[in-house]
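Listed here are the chains, written in short residue letters.
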Amino acid sequence: MARIVFLTALLAIATIRPAYAYIDPGTASIALQAVIGAIAVAGFYFRSTIAKVLGVFRPNKPKSDSEETPPPTESVQTGSDDN
Amino acid sequence: MTIDPGSYRDPSGHVHIVGERVFRTVTPHGQTEYKPVRDSGALEGLIERGLLIAATEVTNTDLPSAGRDDLVLEHPKIPIISYPYEWPFAALKAAALLHLDIQLELLEQSVALSDASAFNIQFIGGKPLFIDYLSFRRYREDEPWLAHRQFCQQFLNPLVLQAKLGVPFHAWFRGQPDGIEIGELASLLKLRHKFSPVLFSHVVLLARMQGRVDESDVAAAQAASSCGLKRSRFRAILEQLRHFIAGLSPAGVSHTTWGRYATDNTYESAEASAKHAFVERFAADALPDLLIDLGCNTGDYSQTALAHGAQRVVGLDGDHGALDGAFARATAEGLDFLPLYQDLANPTPGLGWNARERQGLGERLAAADGVLALAVIHHLAIARNVPLEEVVASIVSMAPKGVIEFVPKDDPTVVTMLALREDVFASYSRETFMAALENRAEIVAHETVSSSGRELFCFSRR
């Protein structure tokens, strides 16, 4: 899959935009971000669906901070509140 | 020049330290990004909630070394500078979450962070604070996340190393201050880790891609830079990482020896009370602004010192379980107590460019005016073979006032230490200790606190 994405990226050479980073972002990281983003979106919907299905059977299940619960939808929490 | 030696990378400006004041210059190049962000008001909420350090615009006359066209900001001084390779696991995790929370919030206001350096975050007690104003720039619709690789190297990978593989990240991160490379971590992951969508995409897939891409290939780099990342996908990545990191905890911490120390040690509780009372009297008398607690463990005595007159405490310990306990205490109790990973026989040296980019520990703690060295000397003098006189000299050199505990050779802890090795410590004695201390300091108070003959000495340096 990675090879296909990268070949697509190479073909998209027509619209080159300037980079704005003083750090080196790394070619692989940039080329792969659309795929990583798609996995993240898919993961979100997958977890949401699982949570909804489980919710049918366990409507009062308390929210936990484990990997299986959907990500927080609120935009900001303080960095120390998970410790 | 007053430019901080660690502030050379970003062409948008520099940090200047002038006495007790901290300035940041923003060059005309940097202003094209900073001013629109400032004017949008996006930063004010972060400052109000204590997530971002405050900044006041001052005139160039306050900082003669600033360029004529520079914008000059003044920040409050951070009391103690610490680095990610010294932070307990929970602190690096809190810093990672702060970075993601700030980016998630700013994305709604079309502001992006130009980098993801863990060094852009500092701690006030257990609370992380974002300090770099030059990181803020306008978000360009569908631009890639330029700081992704840096976020992985400086936050995600070190946390994964300790959480999933049980290897503390500190030695590796210290040896490589740009962070843990994606390919290096990927080569260590087990098959079961690769089923995690986060580890698969951000580590395994990325490492494989890096293996195939020639980073010196200009055409490939240009092709990559044309790849966009939709805002919704960028947000999904940030939320995915936030969710994943929030669920990480260090592997194997509960099994470390020192994590149980506070409840399961060789002291009688009456002896602990006597030590607490001694520390109380020292703190109330010396009123230290910055107290170093050597071998702080979970921060029991740090908390006592803070409750009785110490302004802030830096705790140093080499045990990861104890440090996480100490950090949890600092956050739960809201203490101005910063526990840091440190091997006392191998303190953090100057690192990075010219070995001055990141300061050594001694330089950063030079302002300390108090030191606690409770149940420490035998760990250096016997476990690490440092001559006792040097141990005492080193402790006394850290601060003008302090408390040192002398642990006699027939104490059960020392007996255990010597059980499997030859006793080559003929000079480890009360006489050597007293001579070393009295040579350098006046003994202000003294008390025997245990039936095994442990003694506390409060000293004032000559």
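Given the structure is predicted, the values throughout are model-derived calculations rather than measurements.

**Thoughts on the overall build of chain A**
Across its full length, chain A carries two helices and zero strands. Residues counted as buried form 34% of the 83 residues belonging to chain A. Accessible surface for chain A amounts to roughly 5,100 Å². Of this, 66% is attributable to carbon and sulfur atoms.

**Focus: the pairing of strand E6 (residues 121–124) of chain B**
Relative to strand E7 (residues 127–130) of chain B, E6(B) runs antiparallel, the two being bridged by four bridges. Bridge assignment links B:Gln122 to a residue of E7(B), and that residue is B:Leu129.

**Overview of the pattern of salt bridges**
All names here are of chain B. A full pass over the atoms with the stated rule returns 26 salt bridges over all chains. Among the salt bridges present, the one from Arg231 reaches Glu141, with a minimum N-O distance of 2.8 Å. Highlighted residues: Arg231 in helix H9 (residues 231–246) and Glu141 in the loop between strand E8 (136–138) and helix H4 (148–165), separated in sequence by 90 residues. Look at Arg231 and you get buried, because its relative accessible area is 18%. Glu141 gets classed as partly exposed once you look at its relative accessible area, which sits at 44%. Residues joined by salt bridges that share partners form a network here, namely Arg9, Asp178, Glu357 and Arg358.

**Digging into the nonpolar core**
All names here are of chain B. Counting 130 residues, the largest nonpolar core has Phe136, Phe151, Ile245 and Phe433 as the members making the most contacts within it. Counting residues per element, this core draws most heavily on helix H3 (residues 89–107), at 13 residues. Membership of the second largest hydrophobic core comes to 23 residues, among which are Val279, Val313, Leu374 and Leu456.

**Comments concerning unusual backbone geometry**
Residue and element names in this part refer to chain B. Of note, Asp142 is a non-glycine position whose phi angle comes to about 65 degrees, a positive value. By the element assignment, Asp142 lies in the loop between E8 and H4. Positioned with a positive phi, Asn354 is a non-glycine residue whose angle comes to about 60 degrees. Checked against the element boundaries, Asn354 lands in the loop between strand E11 (337–341) and helix H13 (361–364). For Asn354, a relative accessible area of 56% puts it in the exposed group.

**Regarding helix H2 (residues 27–57) of chain A**
Between its first and last C-alpha atoms H2(A) spans 46 Å; for 31 residues at 1.5 Å apiece the expected length is 45 Å, and the two agree. Bending of H2(A) peaks at approximately 50 degrees at the position of A:Gln33.

**Overview of the pairing of strand E12 (residues 370–373) of chain B**
Residue and element names in this part refer to chain B. A two-sided burial pattern is seen for E12, the buried positions comprising Gly370 and Leu372 on one face and Val371 and Ala373 on the other. Pairing between E12 and strand E13 (residues 401–406): three bridges, direction parallel. What sits directly across from Ala373, in E13, is Ile404.

**A few points about the confidence of the model for chain A**
Summary statistics for chain A give a mean pLDDT of 63 and a share of 45% for residues scoring 70 or more. Low confidence marks residues 63–83 of chain A, where pLDDT is under 50. Its contacts with residues over four positions away, or in another chain, come to 58 contacts.

**Some points on the environment of B:Arg312**
Residue placement: B:Arg312 occurs in strand E10 (residues 312–317). Residues contacting B:Arg312, with those up to four places away along its chain left out, are B:Pro79, B:Ile80, B:Asp289, B:Leu290, B:Leu291, B:Leu306 and B:Asp336.

**Looking at the sheet that holds E12(B)**
All names here are of chain B. Taking strand neighbours across the sheet as the criterion, the seven strands line up as E11-E10-E9-E12-E13-E15-E14 in an open arrangement whose pairing is mixed. The sheet terminates laterally at E11 and strand E14 (441–448), the two strands that pair on one side only. With strand direction ignored, the average angle separating the axes of adjacent strands in the sheet is 20 degrees. Pairing analysis gives five bridges linking E10 to E11, with the strands arranged parallel. Across the sheet, residue Gly315 finds its bridge partner in E11, namely Pro339.

**A word on the sheet that holds strand E2 (residues 21–26) of chain B**
Residues and elements named next belong to chain B. Here we have four strands laid out as an open sheet, ordered E1-E2-E4-E3, and antiparallel in their pairing. The sheet is open, and its two borders are formed by strand E1 (13–18) and strand E3 (56–58), each paired with just one other strand. Between one strand and the next, the sheet's axes are offset by a mean angle of 35 degrees, whatever the strand orientation. Across six bridges, E1 lies against E2 in antiparallel orientation. Within the sheet, the bridge partner assigned to Val18 lies in E2 and is Arg21. Running at roughly 60 degrees to strand E4 (residues 71–75), helix H1 (residues 28–40) makes contact with E2, E3 and E4 of the sheet.

**Describing H4(B)**
Residue and element names in this part refer to chain B. When the terminal C-alpha atoms of H4 are compared, their 22 Å separation across 18 residues is substantially less than the 26 Å that a helix rising 1.5 Å per residue should span. Of all the bends in H4, the greatest, near 40 degrees, is centred on Leu156, and the proline Pro158 appears no more than four residues after it. Most of H4 sits inside the fold, with 16 of its 18 residues counted as buried. Just downstream of H4 lies Gly166, where phi reads positive at about 70 degrees.

**Let's talk about the packing of H3(B) against H9(B)**
All names here are of chain B. Their axes nearest at 10 Å, the elements H3 and H9 cross at an angle of 155 degrees. One finds that H3 runs roughly antiparallel with respect to H9. H9 is crossed by H3, and the crossing has left-handed handedness. Contacts from Lys93, Ala96, Leu97, Leu100, Asp101, Gln103, Leu104 and Leu107 in H3 reach Arg231, Phe234, Arg235, Leu238, Glu239, Leu241, Arg242, Ile245 and Ala246 in H9. Of the residues belonging to the contact of H3 with H9, the class tally is ten nonpolar, one polar and six charged.

**Section: the packing of aromatic side chains**
Residues and elements named next belong to chain B. Taken as a whole and judged by the stated rule, the model has 19 aromatic pairs over all chains. Relative to Phe457, the ring of Phe433 lies with its centre 5.2 Å away and its plane at 50 degrees, an arrangement referred to as tilted. Of this pair, Phe433 sits in helix H17 (residues 430–440) while Phe457 sits in strand E15 (residues 455–461); the two residues are 24 residues apart in sequence, bridging distant segments of the chain. Here Phe433 and Phe457 have matching classes, each one buried. Each residue in the set Tyr83, Tyr85, Phe119, Phe169 and Phe173 is aromatic and connected to the rest through ring pairs, giving one cluster.

Definitions and cut-offs
Residues numbered from 1 in each chain as written. Chains lettered and ligands numbered in written order. Predicted model: local features only at pLDDT ≥ 70, side-chain atom pairs only at ≥ 80, totals over all residues. Heavy atoms only, no water. Helix = DSSP H or I, 4+ residues; strand = E, 2+ residues; numbered from the N terminus. Buried < 20%, exposed > 50% of the residue type's maximum accessible area, 1.4 Å probe, protein only. Areas by Shrake-Rupley, 256 points an atom, 1.4 Å probe, with all protein chains shown as cover. Pairing = 2+ DSSP bridges. Salt bridge = Lys/Arg side-chain N within 4 Å of Asp/Glu carboxyl O. Core = buried A, V, L, I, M, F, W, Y, C linked by side-chain atoms within 4.5 Å. Expected span 1.5 Å × (residues − 1). Bend = angle between axes of the 7 residues up to and from the residue. pLDDT = per-residue confidence, 0-100. Contact = heavy atoms within 4.5 Å. Axes fitted to C-alpha atoms, helices over the stretch in contact; angles between N-to-C directions. Parallel < 35°, antiparallel > 145°, perpendicular 65-115°, else oblique. Left-handed = near helix turned anticlockwise from the far one by under 90°. Nonpolar A, V, L, I, M, F, W, Y, C, P; charged D, E, K, R; others polar. Phe/Tyr/Trp six-rings, centres within 6.5 Å; stacked < 30°, edge-to-face > 60°.

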